[in-house]
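Structural description and commentary
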Amino acid sequence: MTPYLIRNVSVVGAAPTDLLIRDGVVAETGSGLTAPDAGVIDGTGLVALPGLVDLHTHLREPGREDAETVESGSRAAALGGYTAVCAMANTSPVADTAGVVEQVWRLGREAGLVDVQPIGAVTVGLAGERLAELGAMADSAARVRIFSDDGHCVADPKLMRRALEYVKAFDGIIAQHAEEPRLTEGAQMHEGEVSTRLGLTGWPAVAEEAIIARDVLLAEHVGSRLHVCHVSTAGSVEVLRQAKARGVRVTAEVTPHHLLLTDAKAETYDPVYKVNPPLRTDTDIAALRAALAEGVIDIVATDHAPHAVEDKECEWAYARPGMLGLETALSIALDVLGPEWDLIAERMSRTPARIAGLDSHGVDPAPGVPANLTLVDPAARRVIEPADLASRSRNTPYARMTLPGRIVATFLRGEPTVLDGKAVK
Ligand SMILES: NC(=O)N[C@@H](CC(=O)O)C(=O)O
(Lines give C-alpha, C1' and ligand atoms only; values in the text may rest on other atoms or scores of the structure.)
Protein backbone atom coordinates (compact mmCIF):
# COMPACT_ATOMS: atom_id res chain seq x y z
CA MET A 1 0.00 0.00 0.00
CA THR A 2 1.60 3.27 -1.13
CA PRO A 3 1.91 5.87 1.64
CA TYR A 4 0.83 9.42 0.86
CA LEU A 5 2.20 12.66 2.22
CA ILE A 6 -0.24 15.54 1.93
CA ARG A 7 1.68 18.75 2.47
CA ASN A 8 0.37 21.98 3.89
CA VAL A 9 -3.31 21.12 4.06
CA SER A 10 -5.93 22.73 6.29
CA VAL A 11 -7.69 20.06 8.35
CA VAL A 12 -11.35 21.11 8.67
CA GLY A 13 -10.36 24.76 8.28
CA ALA A 14 -7.52 24.79 10.85
CA ALA A 15 -3.97 26.12 10.21
CA PRO A 16 -2.11 24.14 7.50
CA THR A 17 -0.23 20.99 8.45
CA ASP A 18 1.22 17.91 6.76
CA LEU A 19 -0.63 14.59 6.89
CA LEU A 20 1.15 11.28 6.42
CA ILE A 21 -1.12 8.42 5.41
CA ARG A 22 0.39 4.98 5.90
CA ASP A 23 -1.02 1.48 6.37
CA GLY A 24 -4.61 2.65 6.22
CA VAL A 25 -4.39 5.28 8.93
CA VAL A 26 -3.26 8.85 9.41
CA ALA A 27 0.22 7.97 10.72
CA GLU A 28 1.49 11.46 11.55
CA THR A 29 0.57 15.11 11.38
CA GLY A 30 2.79 18.19 11.81
CA SER A 31 4.91 20.53 9.74
CA GLY A 32 7.90 19.50 7.64
CA LEU A 33 7.15 15.75 7.65
CA THR A 34 9.30 13.60 5.37
CA ALA A 35 8.58 10.17 3.90
CA PRO A 36 10.80 9.28 0.93
CA ASP A 37 8.61 6.32 -0.02
CA ALA A 38 5.38 8.34 -0.09
CA GLY A 39 3.45 9.84 -2.97
CA VAL A 40 3.33 13.59 -2.37
CA ILE A 41 0.21 15.74 -2.75
CA ASP A 42 0.54 19.51 -2.47
CA GLY A 43 -2.31 20.45 -0.17
CA THR A 44 -1.73 24.20 -0.33
CA GLY A 45 -5.12 25.91 -0.38
CA LEU A 46 -6.93 22.60 0.13
CA VAL A 47 -9.15 21.55 3.02
CA ALA A 48 -9.09 18.00 4.40
CA LEU A 49 -12.42 16.74 5.69
CA PRO A 50 -13.34 13.42 7.22
CA GLY A 51 -14.74 11.40 4.29
CA LEU A 52 -18.35 12.32 3.66
CA VAL A 53 -21.07 9.85 4.67
CA ASP A 54 -24.38 9.68 2.83
CA LEU A 55 -27.30 8.26 4.75
CA HIS A 56 -29.58 8.20 1.70
CA THR A 57 -28.35 6.86 -1.65
CA HIS A 58 -30.22 4.93 -4.31
CA LEU A 59 -27.80 2.57 -6.05
CA ARG A 60 -30.49 0.76 -8.13
CA GLU A 61 -28.74 -2.62 -8.03
CA PRO A 62 -30.23 -5.21 -8.16
CA GLY A 63 -32.83 -4.50 -10.82
CA ARG A 64 -32.11 -1.22 -12.57
CA GLU A 65 -28.46 -1.56 -13.48
CA ASP A 66 -29.17 0.57 -16.55
CA ALA A 67 -29.71 3.55 -14.20
CA GLU A 68 -26.94 2.83 -11.67
CA THR A 69 -24.94 -0.04 -10.24
CA VAL A 70 -23.32 -0.41 -6.87
CA GLU A 71 -20.02 0.19 -8.65
CA SER A 72 -21.04 3.26 -10.69
CA GLY A 73 -22.81 4.80 -7.71
CA SER A 74 -19.79 4.08 -5.52
CA ARG A 75 -17.57 5.83 -8.04
CA ALA A 76 -19.90 8.82 -8.14
CA ALA A 77 -19.80 8.86 -4.34
CA ALA A 78 -15.99 8.78 -4.16
CA LEU A 79 -15.79 11.59 -6.72
CA GLY A 80 -18.17 13.55 -4.52
CA GLY A 81 -15.87 13.13 -1.50
CA TYR A 82 -17.78 10.27 0.13
CA THR A 83 -16.20 7.28 1.85
CA ALA A 84 -19.45 5.62 2.94
CA VAL A 85 -23.01 5.51 1.63
CA CYS A 86 -26.17 3.88 2.91
CA ALA A 87 -27.99 2.15 0.05
CA MET A 88 -31.77 2.45 0.04
CA ALA A 89 -33.92 -0.65 -0.15
CA ASN A 90 -36.19 0.20 -3.10
CA THR A 91 -34.37 -2.06 -5.52
CA SER A 92 -35.85 -4.90 -7.56
CA PRO A 93 -36.07 -7.30 -5.82
CA VAL A 94 -36.58 -5.11 -2.80
CA ALA A 95 -33.88 -5.35 -0.11
CA ASP A 96 -36.27 -6.95 2.36
CA THR A 97 -34.34 -10.16 3.09
CA ALA A 98 -30.92 -11.07 4.42
CA GLY A 99 -30.06 -12.40 0.93
CA VAL A 100 -30.58 -9.12 -0.88
CA VAL A 101 -28.90 -6.89 1.70
CA GLU A 102 -25.92 -9.25 1.73
CA GLN A 103 -25.76 -9.10 -2.06
CA VAL A 104 -25.63 -5.29 -2.01
CA TRP A 105 -23.09 -5.29 0.79
CA ARG A 106 -20.88 -7.77 -1.09
CA LEU A 107 -21.11 -5.77 -4.33
CA GLY A 108 -20.00 -2.72 -2.36
CA ARG A 109 -16.98 -4.57 -1.03
CA GLU A 110 -16.08 -5.79 -4.51
CA ALA A 111 -16.28 -2.27 -5.96
CA GLY A 112 -14.10 -1.11 -3.06
CA LEU A 113 -14.64 2.60 -3.70
CA VAL A 114 -16.75 3.49 -0.65
CA ASP A 115 -18.19 1.46 2.19
CA VAL A 116 -21.71 0.50 1.12
CA GLN A 117 -24.01 -0.03 4.09
CA PRO A 118 -27.34 -1.49 2.99
CA ILE A 119 -30.59 -0.18 4.42
CA GLY A 120 -33.28 -2.85 4.76
CA ALA A 121 -36.94 -2.45 3.87
CA VAL A 122 -39.39 -2.05 6.75
CA THR A 123 -42.18 -3.95 5.02
CA VAL A 124 -42.22 -6.87 2.60
CA GLY A 125 -41.89 -5.55 -0.95
CA LEU A 126 -42.34 -1.98 0.38
CA ALA A 127 -46.03 -2.81 0.27
CA GLY A 128 -46.76 -1.45 3.75
CA GLU A 129 -48.67 -4.55 4.81
CA ARG A 130 -46.41 -6.70 6.97
CA LEU A 131 -42.97 -6.33 8.50
CA ALA A 132 -39.98 -7.62 6.57
CA GLU A 133 -37.40 -9.90 8.21
CA LEU A 134 -35.79 -7.07 10.15
CA GLY A 135 -33.99 -9.37 12.58
CA ALA A 136 -32.55 -11.57 9.84
CA MET A 137 -31.22 -8.50 8.03
CA ALA A 138 -29.74 -7.18 11.28
CA ASP A 139 -28.04 -10.53 11.93
CA SER A 140 -26.78 -10.90 8.34
CA ALA A 141 -23.25 -10.14 7.18
CA ALA A 142 -24.54 -6.70 6.17
CA ARG A 143 -25.42 -5.94 9.83
CA VAL A 144 -28.34 -3.71 8.87
CA ARG A 145 -29.26 -1.10 11.48
CA ILE A 146 -31.37 1.32 9.44
CA PHE A 147 -34.65 0.26 7.87
CA SER A 148 -36.68 2.31 5.42
CA ASP A 149 -39.45 1.90 2.85
CA ASP A 150 -38.14 5.10 1.22
CA GLY A 151 -40.04 5.92 -1.92
CA HIS A 152 -43.07 4.84 0.10
CA CYS A 153 -44.28 5.94 3.50
CA VAL A 154 -44.95 3.41 6.24
CA ALA A 155 -48.43 4.87 6.43
CA ASP A 156 -50.11 2.34 8.75
CA PRO A 157 -49.54 3.65 12.28
CA LYS A 158 -49.74 0.21 13.87
CA LEU A 159 -47.13 -1.19 11.52
CA MET A 160 -44.92 1.84 12.15
CA ARG A 161 -45.25 1.28 15.88
CA ARG A 162 -44.35 -2.40 15.55
CA ALA A 163 -41.32 -1.57 13.39
CA LEU A 164 -40.07 0.99 15.91
CA GLU A 165 -40.54 -1.51 18.73
CA TYR A 166 -38.85 -4.33 16.85
CA VAL A 167 -35.63 -2.46 16.04
CA LYS A 168 -35.29 -1.16 19.59
CA ALA A 169 -33.81 -4.54 20.60
CA PHE A 170 -30.65 -3.80 18.58
CA ASP A 171 -30.81 0.02 18.74
CA GLY A 172 -31.94 0.14 15.12
CA ILE A 173 -33.54 3.06 13.34
CA ILE A 174 -36.65 3.41 11.22
CA ALA A 175 -36.01 6.02 8.52
CA GLN A 176 -39.35 7.34 7.39
CA HIS A 177 -40.31 8.75 3.99
CA ALA A 178 -42.88 11.11 5.47
CA GLU A 179 -45.76 11.33 3.01
CA GLU A 180 -49.38 10.74 3.94
CA PRO A 181 -50.43 8.92 0.75
CA ARG A 182 -54.06 9.98 0.84
CA LEU A 183 -53.01 13.63 0.80
CA THR A 184 -50.67 13.21 -2.17
CA GLU A 185 -52.81 11.15 -4.54
CA GLY A 186 -51.92 12.20 -8.09
CA ALA A 187 -49.52 14.86 -6.80
CA GLN A 188 -47.05 16.29 -9.30
CA MET A 189 -45.37 19.13 -7.42
CA HIS A 190 -45.57 21.29 -4.28
CA GLU A 191 -49.10 22.50 -3.59
CA GLY A 192 -48.99 26.26 -3.73
CA GLU A 193 -49.24 29.29 -5.94
CA VAL A 194 -47.12 27.79 -8.74
CA SER A 195 -49.08 24.50 -8.87
CA THR A 196 -52.31 26.47 -9.04
CA ARG A 197 -51.04 28.56 -11.91
CA LEU A 198 -49.67 25.54 -13.81
CA GLY A 199 -52.76 23.44 -13.10
CA LEU A 200 -50.70 20.56 -11.66
CA THR A 201 -52.00 18.52 -8.71
CA GLY A 202 -50.29 19.64 -5.53
CA TRP A 203 -48.34 17.73 -2.81
CA PRO A 204 -49.22 19.76 0.27
CA ALA A 205 -46.68 20.46 3.02
CA VAL A 206 -49.12 19.01 5.55
CA ALA A 207 -48.79 15.54 3.98
CA GLU A 208 -45.20 15.50 5.23
CA GLU A 209 -45.79 17.35 8.50
CA ALA A 210 -48.69 15.13 9.60
CA ILE A 211 -46.60 11.97 9.29
CA ILE A 212 -43.61 13.49 11.09
CA ALA A 213 -45.89 14.66 13.90
CA ARG A 214 -47.42 11.20 14.21
CA ASP A 215 -44.09 9.42 14.06
CA VAL A 216 -42.30 11.54 16.66
CA LEU A 217 -45.20 10.75 19.00
CA LEU A 218 -44.91 7.05 18.21
CA ALA A 219 -41.13 7.11 18.68
CA GLU A 220 -41.62 8.90 21.97
CA HIS A 221 -44.27 6.43 23.07
CA VAL A 222 -42.10 3.37 22.46
CA GLY A 223 -38.72 5.02 23.15
CA SER A 224 -37.21 4.10 19.79
CA ARG A 225 -35.02 5.86 17.26
CA LEU A 226 -36.69 7.57 14.32
CA HIS A 227 -34.93 9.20 11.40
CA VAL A 228 -36.84 11.48 9.05
CA CYS A 229 -35.75 11.36 5.43
CA HIS A 230 -35.60 14.43 3.15
CA VAL A 231 -37.34 17.04 5.32
CA SER A 232 -38.66 19.70 2.98
CA THR A 233 -40.98 22.15 4.78
CA ALA A 234 -40.80 24.92 7.37
CA GLY A 235 -43.66 23.26 9.24
CA SER A 236 -41.70 19.99 9.51
CA VAL A 237 -38.84 21.92 11.07
CA GLU A 238 -41.18 23.23 13.79
CA VAL A 239 -42.51 19.73 14.54
CA LEU A 240 -38.93 18.43 14.81
CA ARG A 241 -37.86 21.35 16.97
CA GLN A 242 -40.62 20.61 19.48
CA ALA A 243 -39.92 16.87 19.47
CA LYS A 244 -36.21 17.39 20.06
CA ALA A 245 -36.92 19.83 22.87
CA ARG A 246 -38.93 17.06 24.54
CA GLY A 247 -36.05 14.61 24.15
CA VAL A 248 -37.58 12.39 21.47
CA ARG A 249 -34.92 10.20 19.82
CA VAL A 250 -35.36 11.67 16.35
CA THR A 251 -32.83 12.71 13.74
CA ALA A 252 -33.53 14.35 10.40
CA GLU A 253 -31.93 14.99 7.05
CA VAL A 254 -32.27 17.61 4.34
CA THR A 255 -31.14 17.19 0.74
CA PRO A 256 -28.93 19.65 -1.14
CA HIS A 257 -31.72 20.31 -3.65
CA HIS A 258 -34.22 21.25 -0.95
CA LEU A 259 -31.67 23.76 0.35
CA LEU A 260 -31.30 25.46 -3.03
CA LEU A 261 -34.10 24.95 -5.54
CA THR A 262 -37.75 26.04 -5.40
CA ASP A 263 -41.03 24.99 -7.00
CA ALA A 264 -40.57 27.84 -9.49
CA LYS A 265 -38.39 25.33 -11.42
CA ALA A 266 -41.58 23.47 -12.37
CA GLU A 267 -42.44 26.38 -14.64
CA THR A 268 -39.87 24.97 -17.07
CA TYR A 269 -41.86 21.70 -17.22
CA ASP A 270 -38.45 20.00 -17.24
CA PRO A 271 -38.96 16.72 -15.31
CA VAL A 272 -35.39 16.86 -14.04
CA TYR A 273 -36.93 19.03 -11.30
CA LYS A 274 -39.59 16.46 -10.39
CA VAL A 275 -38.68 14.93 -7.05
CA ASN A 276 -40.18 13.47 -3.91
CA PRO A 277 -40.83 15.35 -1.70
CA PRO A 278 -41.21 18.18 -4.21
CA LEU A 279 -39.16 21.35 -4.38
CA ARG A 280 -40.82 23.84 -2.05
CA THR A 281 -40.69 27.62 -1.56
CA ASP A 282 -38.17 30.28 -0.52
CA THR A 283 -39.74 30.34 2.96
CA ASP A 284 -39.14 26.61 3.33
CA ILE A 285 -35.55 26.95 2.10
CA ALA A 286 -34.84 29.67 4.66
CA ALA A 287 -36.28 27.50 7.47
CA LEU A 288 -34.34 24.42 6.33
CA ARG A 289 -31.05 26.34 6.15
CA ALA A 290 -31.57 27.78 9.63
CA ALA A 291 -32.54 24.38 11.02
CA LEU A 292 -29.42 22.82 9.54
CA ALA A 293 -27.19 25.50 11.07
CA GLU A 294 -28.90 25.09 14.45
CA GLY A 295 -28.94 21.29 14.44
CA VAL A 296 -32.72 20.84 14.40
CA ILE A 297 -31.90 19.11 11.12
CA ASP A 298 -28.91 16.88 11.85
CA ILE A 299 -27.46 16.10 8.46
CA VAL A 300 -27.34 16.68 4.73
CA ALA A 301 -28.18 13.50 2.80
CA THR A 302 -28.22 13.39 -0.98
CA ASP A 303 -31.24 11.21 -1.87
CA HIS A 304 -29.14 10.46 -4.97
CA ALA A 305 -31.88 9.07 -7.24
CA PRO A 306 -30.55 8.06 -10.65
CA HIS A 307 -33.12 7.43 -13.38
CA ALA A 308 -32.71 6.18 -16.94
CA VAL A 309 -33.33 8.66 -19.76
CA GLU A 310 -36.67 7.08 -20.73
CA ASP A 311 -37.92 7.46 -17.16
CA LYS A 312 -36.94 11.11 -16.95
CA GLU A 313 -37.02 12.70 -20.40
CA CYS A 314 -40.74 12.44 -20.98
CA GLU A 315 -43.83 14.41 -20.04
CA TRP A 316 -43.74 15.75 -16.48
CA ALA A 317 -46.69 13.60 -15.37
CA TYR A 318 -45.03 10.36 -16.52
CA ALA A 319 -41.50 11.12 -15.29
CA ARG A 320 -40.15 9.33 -12.21
CA PRO A 321 -39.34 11.57 -9.27
CA GLY A 322 -35.73 11.94 -8.20
CA MET A 323 -32.44 13.62 -9.04
CA LEU A 324 -28.72 12.88 -8.83
CA GLY A 325 -26.83 14.20 -5.84
CA LEU A 326 -23.59 12.47 -4.93
CA GLU A 327 -21.23 14.32 -7.26
CA THR A 328 -22.56 17.79 -6.47
CA ALA A 329 -23.57 17.67 -2.79
CA LEU A 330 -20.43 19.22 -1.35
CA SER A 331 -20.54 22.05 -3.89
CA ILE A 332 -24.15 22.83 -3.02
CA ALA A 333 -23.32 22.73 0.71
CA LEU A 334 -20.42 25.12 0.11
CA ASP A 335 -22.67 27.38 -1.92
CA VAL A 336 -25.44 27.37 0.70
CA LEU A 337 -23.42 27.34 3.94
CA GLY A 338 -20.22 29.08 2.83
CA PRO A 339 -16.78 27.81 3.91
CA GLU A 340 -18.09 26.73 7.33
CA TRP A 341 -15.86 23.65 7.43
CA ASP A 342 -16.68 22.50 10.90
CA LEU A 343 -20.41 22.69 10.16
CA ILE A 344 -19.93 20.89 6.85
CA ALA A 345 -17.89 18.14 8.54
CA GLU A 346 -20.53 17.84 11.25
CA ARG A 347 -23.54 17.68 8.95
CA MET A 348 -22.04 15.64 6.10
CA SER A 349 -19.62 13.31 7.86
CA ARG A 350 -19.45 13.09 11.65
CA THR A 351 -23.17 13.05 12.44
CA PRO A 352 -24.30 10.78 9.58
CA ALA A 353 -21.51 8.34 10.51
CA ARG A 354 -22.67 8.40 14.12
CA ILE A 355 -26.34 7.88 13.20
CA ALA A 356 -25.46 4.95 10.93
CA GLY A 357 -22.98 3.47 13.45
CA LEU A 358 -20.13 3.60 10.92
CA ASP A 359 -17.39 4.02 13.51
CA SER A 360 -14.40 4.16 11.19
CA HIS A 361 -15.96 7.08 9.31
CA GLY A 362 -16.73 10.62 10.36
CA VAL A 363 -13.56 11.07 12.37
CA ASP A 364 -11.35 14.11 11.70
CA PRO A 365 -7.90 13.27 10.32
CA ALA A 366 -5.53 12.90 13.30
CA PRO A 367 -2.76 10.44 14.21
CA GLY A 368 -4.05 6.87 14.51
CA VAL A 369 -7.40 7.58 12.85
CA PRO A 370 -8.52 5.45 9.86
CA ALA A 371 -7.58 7.37 6.72
CA ASN A 372 -11.10 7.93 5.40
CA LEU A 373 -10.87 11.49 4.19
CA THR A 374 -11.36 13.84 1.28
CA LEU A 375 -9.47 16.88 0.01
CA VAL A 376 -11.48 19.82 -1.25
CA ASP A 377 -10.30 22.78 -3.31
CA PRO A 378 -12.70 25.49 -2.13
CA ALA A 379 -11.39 28.08 -4.59
CA ALA A 380 -12.11 25.99 -7.67
CA ARG A 381 -15.28 26.52 -9.66
CA ARG A 382 -16.62 23.98 -12.08
CA VAL A 383 -19.33 23.81 -14.69
CA ILE A 384 -21.52 20.72 -14.24
CA GLU A 385 -21.64 18.71 -17.46
CA PRO A 386 -24.02 15.76 -17.15
CA ALA A 387 -21.96 13.73 -19.61
CA ASP A 388 -18.91 14.01 -17.34
CA LEU A 389 -20.65 12.49 -14.31
CA ALA A 390 -19.64 9.00 -13.17
CA SER A 391 -23.25 8.06 -12.46
CA ARG A 392 -24.89 5.95 -15.15
CA SER A 393 -27.73 8.46 -15.17
CA ARG A 394 -27.79 12.06 -16.27
CA ASN A 395 -30.62 13.58 -14.23
CA THR A 396 -28.74 16.34 -12.46
CA PRO A 397 -30.68 19.54 -11.81
CA TYR A 398 -27.40 21.48 -11.91
CA ALA A 399 -26.53 20.93 -15.59
CA ARG A 400 -24.36 23.73 -16.93
CA MET A 401 -24.43 25.58 -13.62
CA THR A 402 -21.12 26.85 -12.25
CA LEU A 403 -20.65 25.53 -8.72
CA PRO A 404 -17.97 26.26 -6.13
CA GLY A 405 -15.53 23.64 -4.84
CA ARG A 406 -13.92 20.57 -6.32
CA ILE A 407 -12.99 17.24 -4.78
CA VAL A 408 -9.28 16.77 -5.44
CA ALA A 409 -8.70 13.43 -3.70
CA THR A 410 -10.56 10.88 -1.60
CA PHE A 411 -8.99 8.13 0.51
CA LEU A 412 -10.73 4.99 1.75
CA ARG A 413 -8.73 3.29 4.51
CA GLY A 414 -5.57 4.91 3.20
CA GLU A 415 -6.10 3.93 -0.45
CA PRO A 416 -6.85 6.72 -2.89
CA THR A 417 -10.18 6.30 -4.68
CA VAL A 418 -9.86 9.73 -6.31
CA LEU A 419 -6.64 11.56 -7.23
CA ASP A 420 -6.35 14.83 -9.17
CA GLY A 421 -10.13 14.92 -9.28
CA LYS A 422 -10.29 11.63 -11.18
CA ALA A 423 -11.42 8.20 -10.09
CA VAL A 424 -8.44 5.91 -9.53
CA LYS A 425 -10.25 2.76 -10.70
N1 LIG B 1 -36.70 10.94 -4.00
C2 LIG B 1 -37.23 10.63 -5.16
O3 LIG B 1 -37.80 11.51 -5.81
N4 LIG B 1 -37.15 9.40 -5.66
C5 LIG B 1 -36.71 8.24 -4.98
C6 LIG B 1 -37.75 7.61 -4.14
C7 LIG B 1 -38.73 8.54 -3.59
O8 LIG B 1 -38.49 9.05 -2.47
O9 LIG B 1 -39.76 8.76 -4.22
C10 LIG B 1 -36.23 7.22 -5.97
O11 LIG B 1 -35.93 6.08 -5.60
O12 LIG B 1 -36.14 7.55 -7.16
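Computed from a prediction, not measured in an experiment: that's the story for all the values here.

With that settled, consider the UniProt feature "binding site: Zn(2+) 1" (unreviewed entry) in the chain. In the numbering adopted here, UniProt assigns the feature "binding site: Zn(2+) 1" (unreviewed entry) to H56, H58, D150 and D303. Judged by maximum C-alpha separation, these annotated positions cover 248 residues in sequence but sit close together in space, the widest gap being only 9.7 Å. Residues within four places of H56 in sequence aside, it is in contact with C86, M88, C229, E253, A301, T302 and D303. Tracing the chain through its elements places D150 in the loop between β9 (146-147) and α4 (157-168).

A separate point is helix α6 (residues 205-222). When the terminal C-alpha atoms of α6 are compared, their 26 Å separation across 18 residues agrees well with the 26 Å that a helix rising 1.5 Å per residue should span. Of the positions making up α6, those classed as buried are A205, A207, E208, E209, I211, I212, D215, V216, L218 and A219. The inward-facing, buried residues of α6 abut α4, β10 (173-176), β12 (202-203), β13 (225-228), α7 (234-245) and β14 (250-254). Residue G223 follows α6 closely and has a positive phi angle near 70°.

Looking now at the site of the ligand. Lining the immediate surroundings of the ligand are H58, N90, D150, G151, H177, V275, N276, D303, A305, R320, P321 and G322. Residues of the shell around the ligand, tallied by class, amount to three nonpolar, six polar and three charged.

We now examine the domain arrangement of the chain. When cut into domains, the chain gives domain 1 (4-47 + 367-423) and domain 2 (51-354). Spacing between the C-alpha centres of domain 1 and domain 2 amounts to 26 Å. Facing the 28 residues of domain 1 at the interface are 38 residues of domain 2. Top contributing element to the side of domain 1 that touches domain 2 by residue count: strand β17 (residues 402-412), with six residues. When grouped by side-chain class, the residues that make up the side of domain 1 that touches domain 2 number 16 nonpolar, ten polar and two charged.

This paragraph deals with unusual backbone geometry. With an omega of 0°, the peptide bond running from S92 to P93 counts as cis. On the secondary structure map, P93 appears in the loop between β7 (82-87) and α2 (98-111). Residue P277 is reached from N276 by a cis peptide bond, and omega for that bond is -15°. One can find P277 in the loop between α8 (256-260) and α9 (282-294). Backbone geometry places V12, a non-glycine residue, at a positive phi of 45°. Tracing the backbone through its elements, the reader meets V12 in the loop between β1 (4-11) and β2 (17-22). Unlike most non-glycine residues, D23 shows phi in positive territory, near 55°. As for its placement among the helices and strands, D23 is situated in the loop between β2 and β3 (25-30).

Moving on: the packing of α4 against α6. Orientation of α4 relative to α6, taken along the N-to-C sense of each, is 40°, at an axis distance of 10 Å. By the criterion of interaxial angle, the relationship of α4 to α6 is oblique. The two elements α4 and α6 meet at a crossing, and its hand is right-handed. Between α4, through P157, M160, R161, L164, E165 and K168, and α6, the contact on the second element is made entirely by R214, D215, L218, A219 and V222.

In this section: the nonpolar core. Core analysis: the biggest nonpolar cluster contains 131 residues, and A48, F147 and L288 have the highest contact counts within it. Per-element tally for this core: the top contributor is helix α12 (residues 341-356), with seven residues. Formed jointly, this core draws a minimum of three residues from each of two domains, domain 1 (4-47 + 367-423) and domain 2 (51-354). For L288, the contacting residues outside a window of four places in its chain are V231, V237, V254, H258, L259 and I297.

In terms of residue burial, β1 counts as a mostly covered element, since six of its eight residues are buried. When β1 meets β2, the two strands line up antiparallel, connected through four bridges. Among the inter-strand pairings, Y4 is bridged to a residue of β2, identified as I21. Here β1 folds back onto β2 in antiparallel fashion, the turn holding five residues, of which V12 has a positive phi close to 45°.

A word on the sheet that holds β13. With parallel pairing, five strands are arranged side by side in an open sheet as β9-β10-β13-β14-β15. The outermost strands of the open sheet, each flanked by one partner alone, are β9 and β15 (299-300). Two strands pair when backbone bridges link them, and β9 and β10 are joined in this way by two bridges, in the parallel orientation. Counted as the bridge partner of F147 is I174 from β10.

This next bit is on the environment of R289. Considering the arrangement of structural elements, one finds R289 in helix α9. Judged by local crowding, R289 falls into the partly exposed class, with 17 C-beta atoms found within 10 Å.

The three strands lie next to each other as β6-β7-β8, forming an open sheet whose pairing is parallel. Edge positions in the sheet fall to β6 (52-57) and β8 (115-118), since each of these pairs with one other strand and no more. On average, each strand axis in the sheet is inclined to that of its neighbour by 20°, with strand direction left out of account. Running over the sheet, α2 touches β7 and β8 and is turned about 175° from β8. Where α12 meets the sheet, its contacts fall on β6, β7 and β8, and the angle it forms with β6 comes to roughly 55°.

Conventions and cut-offs
- Residues numbered from 1 in each chain as written.
- Predicted model: local features only at pLDDT ≥ 70, side-chain atom pairs only at ≥ 80, totals over all residues.
- UniProt positions renumbered as here; feature names shortened; annotations may be inferred.
- Contact = placed C-beta atoms within 7 Å.
- Helix = DSSP H or I, 4+ residues; strand = E, 2+ residues; numbered from the N terminus.
- Expected span 1.5 Å × (residues − 1).
- Buried ≥ 20, exposed ≤ 12 C-beta atoms within 10 Å, placed from the backbone.
- Near = placed C-beta within 6 Å.
- Nonpolar A, V, L, I, M, F, W, Y, C, P; charged D, E, K, R; others polar.
- Domains from an automatic or database assignment.
- Axes fitted to C-alpha atoms, helices over the stretch in contact; angles between N-to-C directions.
- Parallel < 35°, antiparallel > 145°, perpendicular 65-115°, else oblique.
- Left-handed = near helix turned anticlockwise from the far one by under 90°.
- Core = buried A, V, L, I, M, F, W, Y, C linked by C-beta atoms within 7 Å.
- Pairing = 2+ DSSP bridges.

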